[in-house]
Amino acid sequence: MASHFALDVDPLETSTPSSPQTATTHRRATKKSTIDNNSQVASEPWFCGAPYEYEVPKPDKGEPWENCYKRLKDYDDDACEVWRDGVDQLLIFAGLFSSAVTAFVIESYKKLQEDPSDRNSLLLQQILLQAHIANSPNPSAAAPLPPLPVFVPSASDVRVNVFWFMSLALSLATVFIGILCLQWLREYQREIPLDPREAISLRQLRYEGLMAWKVPGILMSLPILLQGSFLLFFMGLLDLLWSLDSVVAICVTIITTLLFLFTVATTLLPTCQIYFMDDDYLRGPQCAFKSPQSWAVHRIITALVRLSKPKRNIFRRSFRAGRYTPFFDNKTWVDHDKQLHKRRALGLPNARYPDSDTVRGLAWIDVHLGRSFDMVLAVYHCIRDLPMTSNSASSAARVIAKTSENVEEYLKTQKMVDRMRSASEEEYRDIVSALFLEENRRAFPQLDQYQLESVVRILNTRSRNSDSHDDTPFRFWPLHHIRNLPTDLVTQFLLCVKSLVSLNRINKDHINDIWDLIHLILSTPQFGDEITHSELAFDIMVEFEKQLPYTGVSGGIDVRESVRQYAIRMIKAFPVRDLKGLTPRGKEVLSAINVRMLEFGGPKAMLSQGEMKRWDAISRRAGLKQDFKRVIEDEKFFENPDSRADSEQTVVPVWLGSEKT
């Protein structure tokens, strides 16, 4: 079908036809275009899979070693910044908490020793007793004085002080260890002026030492220490209150119990979710309550499951304890998330989980972060790197579907489903690219040329299939900035449109878009390659005119109305300006439609007053002096039965809006 993309040229003996009759008879006999040789377009068609003429640029990249080191440094900076922020917040909170605990301890520790006033009272009692005995008549007969009691603090006071002093000690330990960790991180990030290659080597040396000596584990233990301090403080507080007043103790116990239950639940849920989730591939929303203490619980549970050696159960699809098997060797929540991501990717899409994490991630980036041109380019290349399968549910198609409800509905239409199913991998990639670029080119007009090239490649490729219909891989015709695009790209697009029209593959809903395109081309000042564009616009008109039925064709087609619709569209397509420079091809188009209208009484009988006025202006400015009445009188076509029989086999074009019965 490649021949449909080269202009069909018939050399003319003169620059203008000798008469309208000659041009019309030649057109009817051969059904071919009659463009002058000087305007022939020798442009090779562009197909899917070939190198792009206007490839979408990639984000700029620096020198490889420097770029790698920058990525490493960004990674380390982000990780250390998270650790540093966490330690700073813990230091502030631990300092405030230590002050609060100290206020309680100052009052509680006094109960661990004897009160001097109580001791003085006992001594005074001893003195009074001795004085009384001395003044008695028989001092020797008096009972001996009782010994002074030894002070022993109550069990409640001991427990309270144990809890609170331990709480204060853990809080201060958190502060002390946190300060040490900040010092370690500062030394880890200390920069040395080295070549990027040497800097990568030094960084790896430091990183392996940081991991081997469990610095991240020490940092993760700081929140656990502080939470242990909270727990001890509340235990001491409840013990004190229950020894003083039960009503106050009950109120505080309720609050403390709720807080304790919340802590226990958020600690257990990340691990328990794996067991209770309905999907074996764990594709539900992941529990976000990940913390150092929840990781400790996770490690304990996975260790217990590992000791139990879970096996598949013959009565169930999967023994749920076996779900923990892939997570046995994880060292941190990061490792856990990586393993979980791999497992989720194994599950096939279904009605409940149609999209992968990658699809949702790219869609989220495009919707929330795709406000810069560089980010749109990055998402575009990421989409093209996704696996391409010939269906509308592939990862690449799902990304663009999630970015726009209109695109999603368009992909669900039957024609798109059929087109995706029959497309090759290269063509499928271009279809997805064209839809993504179309969705973003309104915000970034510089994407127009890339979107149009994708469209051209798809149209050229699809036209090889003689059974294809309505092969327009876009929701809207790319007309907005077509005059500002590269000339060879516009030429290729016009050739595609010409081929679609000649093959009768244009949906009637798109006819007005094509005539708007013709109007845009003809409205452009004629210079350079744009003369070729005008010739192609006239060729598209000719292809439409070839599909017009002729007088005498049976089948219920309103021939007069078809000719009138074509004439009205052509009149609107010509610009309202000086047409003295109109090419011979343009004059042939005007002459041909004059001939067709004279078959039904002439322009006055077919056009309205306003349309007739515009037609007269176009004819006068174009310098047409032919006698169309004489042409019709000399026309031999309608007197030739063979020609009429041949015309009866003409396929009814879709754009006429009527069908043969």
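Residues numbered from 1 in each chain as written. Predicted model: local features only at pLDDT ≥ 70, side-chain atom pairs only at ≥ 80, totals over all residues. Heavy atoms only, no water.

### So, the overall build of the protein chain
Scanning the protein chain for helices and strands turns up 25 helices and zero strands. Within the span of the protein chain, comprising 661 residues, buried residues form 42% of the whole. For the protein chain, restricting intrachain contacts to residue pairs at least 6 apart in sequence, the fraction spanning at least 24 positions comes to 76%. Of the roughly 35,900 Å² of accessible surface on the protein chain, a fraction of 59% belongs to carbon and sulfur atoms. (Helix = DSSP H or I, 4+ residues; strand = E, 2+ residues; numbered from the N terminus. Buried < 20%, exposed > 50% of the residue type's maximum accessible area, 1.4 Å probe, protein only. Contact = heavy atoms within 4.5 Å. Areas by Shrake-Rupley, 256 points an atom, 1.4 Å probe, with all protein chains shown as cover.)

### Thoughts on helix α13 (residues 405-412)
Buried within α13 we find V407, Y410 and L411. Down the axis of α13, the buried set is contained in an arc of 95°. They therefore lie on one face. Exposed residues on α13 whose side chains face more than 90 degrees from its buried face are E405, N406, E409 and K412. Buried residues in α13 make contact with α12 (395-403), α14 (414-422) and α15 (425-440). (Arc of directions from axis to C-beta.)

### Concerning the pattern of salt bridges
In total, this model carries 22 salt bridges according to the counting rule given. The closest approach of N and O atoms between R596 and E545, which form a salt bridge, is 3.8 Å. Taken together, the positions of R596 in helix α21 (residues 584-598) and E545 in helix α19 (residues 530-546) put the pair 51 residues apart, joining distant regions of the chain. A salt bridge links R596 to E599, with the nearest nitrogen and oxygen atoms 3.1 Å apart. Across this residue pair, the class does not change: R596 and E599 are buried. Here the residues in one salt-bridge network are K73, D77 and E191, joined through shared partners. (Salt bridge = Lys/Arg side-chain N within 4 Å of Asp/Glu carboxyl O.)

### Details of the side chain of E427
Following the sequence through the fold, E427 ends up in helix α15. According to the relative accessible area criterion, E427 is buried, its value standing at 4%. Residues in contact with E427, not counting those within four places in the same chain, are C48, I458, T461 and R462.

### Considering the environment of R343
With respect to the secondary-structure elements, R343 resides in helix α9 (residues 333-346). Excluding residues that lie within four positions of it along the chain, R343 makes contacts with D280, Y281, L282 and P326.

### Brief notes about the nonpolar core
Judged by nonpolar contacts, the single largest core of 89 residues is most densely connected at F493, M541 and M570. At nine residues, helix α17 (residues 487-502) tops the list of elements feeding residues into this core. When sequence neighbours within four positions are dropped, the list of residues in contact with M570 reads W515, M541, V589, L590, I593 and W615. (Core = buried A, V, L, I, M, F, W, Y, C linked by side-chain atoms within 4.5 Å.)

### Remarks on the side chain of T266
Here T266 is to be found in helix α7 (residues 246-276). A polar side-chain atom of T266 sits 2.9 Å from the main-chain carbonyl oxygen of F262. At 3.1 Å, the side chain of T266 and the backbone oxygen of T263 are in polar contact. In this structure, T266 is in contact with F289 and S294, ignoring residues within four places of it in sequence. (Polar contact = N/O pair within 3.5 Å; in protein donor to acceptor, adjacent residues only side chain to side chain.)

### A few points about a negative patch on the surface
Taken together, E63, E66, D195 and E198 make up a surface patch of like negative charges. Among the secondary structure elements, E198 is positioned in helix α5 (residues 196-212). Here E198 falls in the partly exposed class, since its relative accessible area comes to 46%. (Patch = residues over 30% accessible without salt bridge, like charges linked within 9 Å, V, L, I, M, F, W, Y side chains within 5 Å. Lys, Arg positive; Asp, Glu negative; His and termini not counted. Charge placed at Lys NZ, Arg CZ, Asp CG, Glu CD.)

### A closer look at the packing of α15 against helix α16 (residues 448-462)
In a packed pair of helices, the relevant descriptors are the angle between the two axes and the axis-to-axis distance. Here α15 crosses α16 at 145°, and the two axes come no closer than 9 Å. With respect to the hand of their crossing, α15 and α16 are arranged in left-handed fashion. Packed against α15, whose contacting residues are E427, D430, I431, S433, A434, L437 and E438, the element α16 presents Y450, Q451, S454, V455, R457, I458, T461 and R462 at the interface. Its residues placed into classes, the contact of α15 with α16 shows six nonpolar, four polar and five charged. (Axes fitted to C-alpha atoms, helices over the stretch in contact; angles between N-to-C directions. Left-handed = near helix turned anticlockwise from the far one by under 90°. Nonpolar A, V, L, I, M, F, W, Y, C, P; charged D, E, K, R; others polar.)

### What about the packing of aromatic side chains?
On inspection of all chains with the given rule, the structure shows 14 aromatic pairs. Each ring, one from F373 and one from F444, has its centre 5.9 Å from the other, and the planes form 55°; the classification is tilted. Within this pair, whereas F373 is found in helix α11 (residues 373-385), its partner F444 is found in the loop between α15 and α16, the two being separated by 71 residues in sequence. Taking the relative accessible area as the measure of exposure, F444 reaches 11% and is therefore buried. Here the aromatic residues F93, F97, F104, W164, F230, F233 and F234 are joined through ring pairs into a cluster of three or more. Above the face of the Y207 ring, R203 is positioned so that its terminal group lies 4.4 Å from the ring centre. Taking the ring centre of Y52 as reference, the NZ or CZ of R457 above it sits at 3.8 Å. (Phe/Tyr/Trp six-rings, centres within 6.5 Å; stacked < 30°, edge-to-face > 60°. Lys NZ or Arg CZ within 6 Å of the ring centre and 35° of its normal.)

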